[in-house]
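Examination of the molecular architecture
Chain residues, written in single-letter form:
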Amino acid sequence: MKHERGKKSRKQREASKNQKSGEGLLSFLPPEIIINILSSRLPFRTTMSCKSVCKPWLDLLETREFVKSHISKSVPSLAVFLEGEYPKPYKVFEYVDELSPKRVPRWNVVLNFNLPCTEPPYSSVDGLLFLCSRGIMSREIFKHGILRREDIWWPRDLFICNPITRDYIKLPCPPEFSSSKRRVHVDTFGFGVSRTTGQYKMVRVFHKLVLNTELGTAELVEPKCQVYTVGTGSWSGIFSIGPFKYEGNAKGAFLNGNIHWMVRDMYGSSVWISCFDLETELFSTFCLLPCNDGREECLNVSTFRDCLCFCDNSSHNEIVIWLMKEYGDEKSWTKEFVIRKRDGDYNEGLMCPIKAFPNGDILMALEYSKLLTLYYSSKTKTFRHVDLFGLQSRFCIRAVAYAPSFLPLKTLATENVISF
């Protein structure tokens, strides 16, 4: 009897040891239940720590089923770049779903990291960040009879990174990517994933800019397009895409398997939304019915509340936020918010809504010389500049919406995947 009690005690000790390591839990719960718990009921930083619990959990968190489940439930965050901070200028901020005592949103920094690219994130899809470093080229050009030297920024290196899995790839340079003194490119990019095949693709739209140094003029040639499919290791052929003008600083907004840019007619002033289908690799356009002939530098296309969003900051009196309630239906543009300005506040730069609160307040980002975060009170009808990160007085900040994921690049790419 004494021997049996001792034997039972050893079993209890072994069970306790297994529970501490997580193996005991795995032996009793089906994998789908564990996937549901880890993908939807824990902060992503806690889920990251679960990789270190035991080997079965590590294997489970790398399965396609878990990655897909986590992406579908991932809570939007922000990926932030602090210009001038070394050695770790990149940070991921997680939104805390409550207001601080000062009635402003709260964010916690949950991840710090460094990359060989020292540029702000360009865009993000499924937890993958696209980054584009830029080189600088000097050229001479005549203006008003005077020979001047100007600097032109042009894309140099392209990266895709997952800060959660701590890996990245450097994409090969596309054809016709380099610049010369007489011919440069105006580039814009988009990044997204195909709805059917699940392939991640990079889209480059570029104009050739032919310079005439004698006359001091530049001619913008109609745009062309190249596509890079992650895992193939190469860019597709170049093809023309129609008479539209794409801005070099425009960031493609990804929604519903398509990438969207705001464009203008090269031969007029009308504004359109250019749409690239990542599955068919074909372009189409949406008519931007609500837009007037506003200042181009104050018009912005993004995504908000799972809708295509157009934010018009071109008026001195108000900011108008439009949502396309039924994707692809031009008649479904709805004026969702009209925000009155006082004394011409924030008349320069691109506005982008980040979050709308139940009481009608809105958190917005204003990108001009640097990123500013603004809190609009629907009660007082006024803006308040808020320092969400406690850093804005010290650094020039750039940020993109970012939903963390455990999608490992090594499962997508045949390219060299580098860990950091």
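Residues numbered from 1 in each chain as written. Predicted model: local features only at pLDDT ≥ 70, side-chain atom pairs only at ≥ 80, totals over all residues. Heavy atoms only, no water.

This part takes up the overall build of the protein. Secondary structure summary: the protein contains six helices and 27 strands in total. Considering only residue pairs separated by 6 or more positions, the protein has 53% of its internal contacts joining residues 24 or more positions apart. Here the protein has roughly 21100 Å² of accessible surface; of this, 51% comes from carbon and sulfur atoms. (Helix = DSSP H or I, 4+ residues; strand = E, 2+ residues; numbered from the N terminus. Contact = heavy atoms within 4.5 Å. Areas by Shrake-Rupley, 256 points an atom, 1.4 Å probe, with all protein chains shown as cover.)

To continue, consider the confidence of the model for the protein. Residues at a pLDDT of 70 or more form 72% of the protein, whose mean pLDDT is 77. The secondary-structure element of the protein with the lowest mean pLDDT is helix H1 (residues 2–21), recorded at 51, while strand S14 (residues 253–255) shows the highest, at 94. (pLDDT = per-residue confidence, 0-100.)

This part covers the nonpolar core. Phe113, Phe130, Leu131, Ile160, Phe191, Tyr200 and Met202 are the most contacted members of the largest nonpolar core, which totals 48 residues. The next biggest cluster of nonpolar side chains, apart from the first, holds 18 residues, and it includes Cys311, Ile339, Ile362 and Leu366. (Core = buried A, V, L, I, M, F, W, Y, C linked by side-chain atoms within 4.5 Å. Buried < 20%, exposed > 50% of the residue type's maximum accessible area, 1.4 Å probe, protein only.)

We now examine the environment of Tyr327. Relative to the assigned elements, Tyr327 resides in the loop between strand S20 (318–324) and strand S21 (333–340). Residues Tyr327 and Leu255, spaced 72 residues apart in sequence, show a C-alpha to C-alpha distance of 9.1 Å. If sequence neighbours within four positions are ignored, Tyr327 has contacts with Leu255, Asn256, Asn258, His260, Cys275 and Phe286. Only 2.6 Å separates the side chain of Tyr327 from the side chain of His260, close enough to count as a polar contact. (Polar contact = N/O pair within 3.5 Å; in protein donor to acceptor, adjacent residues only side chain to side chain.)

Another aspect to go through is the packing of aromatic side chains. Tallied over the full model, the rule gives 18 aromatic pairs. Seen from their ring centres, Tyr122 and Phe130 are 5.2 Å apart, and the 65° between their planes marks the pair as edge-to-face. Its relative accessible area of 7% is what places Tyr122 among the buried residues. The exposure class of Phe130 is buried, given its relative accessible area of 0%. Joined through ring pairs, the aromatic side chains of Phe81, Tyr90, Phe113, Phe159, Tyr168 and Phe420 make up one cluster. Lying across the ring of Phe206, Arg204 places its NZ or CZ 3.9 Å from the centre. (Phe/Tyr/Trp six-rings, centres within 6.5 Å; stacked < 30°, edge-to-face > 60°. Lys NZ or Arg CZ within 6 Å of the ring centre and 35° of its normal.)

Each pocket or cavity is described by its volume, and for the second largest pocket that value is around 390 Å³. Along the wall of the second largest pocket there are 15 residues; nearest its centre are Arg64, Val67, Lys68, Tyr200 and Leu407. Sort the elements by how many residues they give to the lining of the second largest pocket and helix H6 (residues 64–73) lands first, with five residues. Classifying every residue of the lining of the second largest pocket gives seven nonpolar, four polar and four charged. (1 Å grid on protein atoms, 1.4 Å probe; cavity = no way out; pocket = protein on both sides within 12 Å on 5 of 7 lines; lining within 4 Å. Points joined across faces, edges and corners; volume = space filled by probe spheres on them. Nonpolar A, V, L, I, M, F, W, Y, C, P; charged D, E, K, R; others polar.)

Now for the sheet that holds S20. On the basis of which strands lie adjacent, the open sheet formed by four strands has the order S18-S19-S20-S21 and antiparallel pairing. In this open sheet, the two edge strands, each paired with only one partner strand, are strand S18 (299–304) and S21. For this sheet, the mean inter-axis angle between neighbouring strands, taken without regard to orientation, is 25°. Where strand S19 (residues 307–312) and S20 come together, five bridges link them in antiparallel fashion. Looking at the pairing, Cys309 lines up with Leu323 of S20. (Pairing = 2+ DSSP bridges. Axes fitted to C-alpha atoms, helices over the stretch in contact; angles between N-to-C directions.)

All right, on to unusual backbone geometry then. If you check the backbone angles, Arg166 has positive phi at about 60° while not being a glycine. Of the residues examined, Arg166 reaches a relative accessible area of 26% and is grouped as partly exposed. Phi angles above zero are rare outside glycine, and Asn256 is one such case at about 60°. Tracing the backbone through its elements, the reader meets Asn256 in the loop between S14 and strand S15 (258–265). Residue class for Asn256 comes out partly exposed when judged on its relative accessible area of 35%.

Most of S19 sits out of view: six of its six residues are buried. Pairing between S18 and S19: six bridges, direction antiparallel. Among the inter-strand pairings, Leu299 is bridged to a residue of S19, identified as Asp312. Where S18 folds back on S19, the antiparallel hairpin that results is connected by two residues, among which Arg305 adopts a positive phi of roughly 55°.

For the rest of this paragraph, the subject is the state of the cysteines. Summed over all chains, the structure comprises zero disulfides. Here Cys311 stays free of any disulfide, with the sulfur of Cys309 as its closest cysteine sulfur at 6.0 Å. Note on Cys311: relative accessible area 0%, which makes it buried. As a non-bridged cysteine, Cys352 has Cys309 as the owner of its nearest cysteine sulfur, 6.5 Å distant. Owing to a relative accessible area of 23%, Cys352 belongs among the partly exposed residues under this scheme. (Disulfide = S-S within 2.5 Å.)

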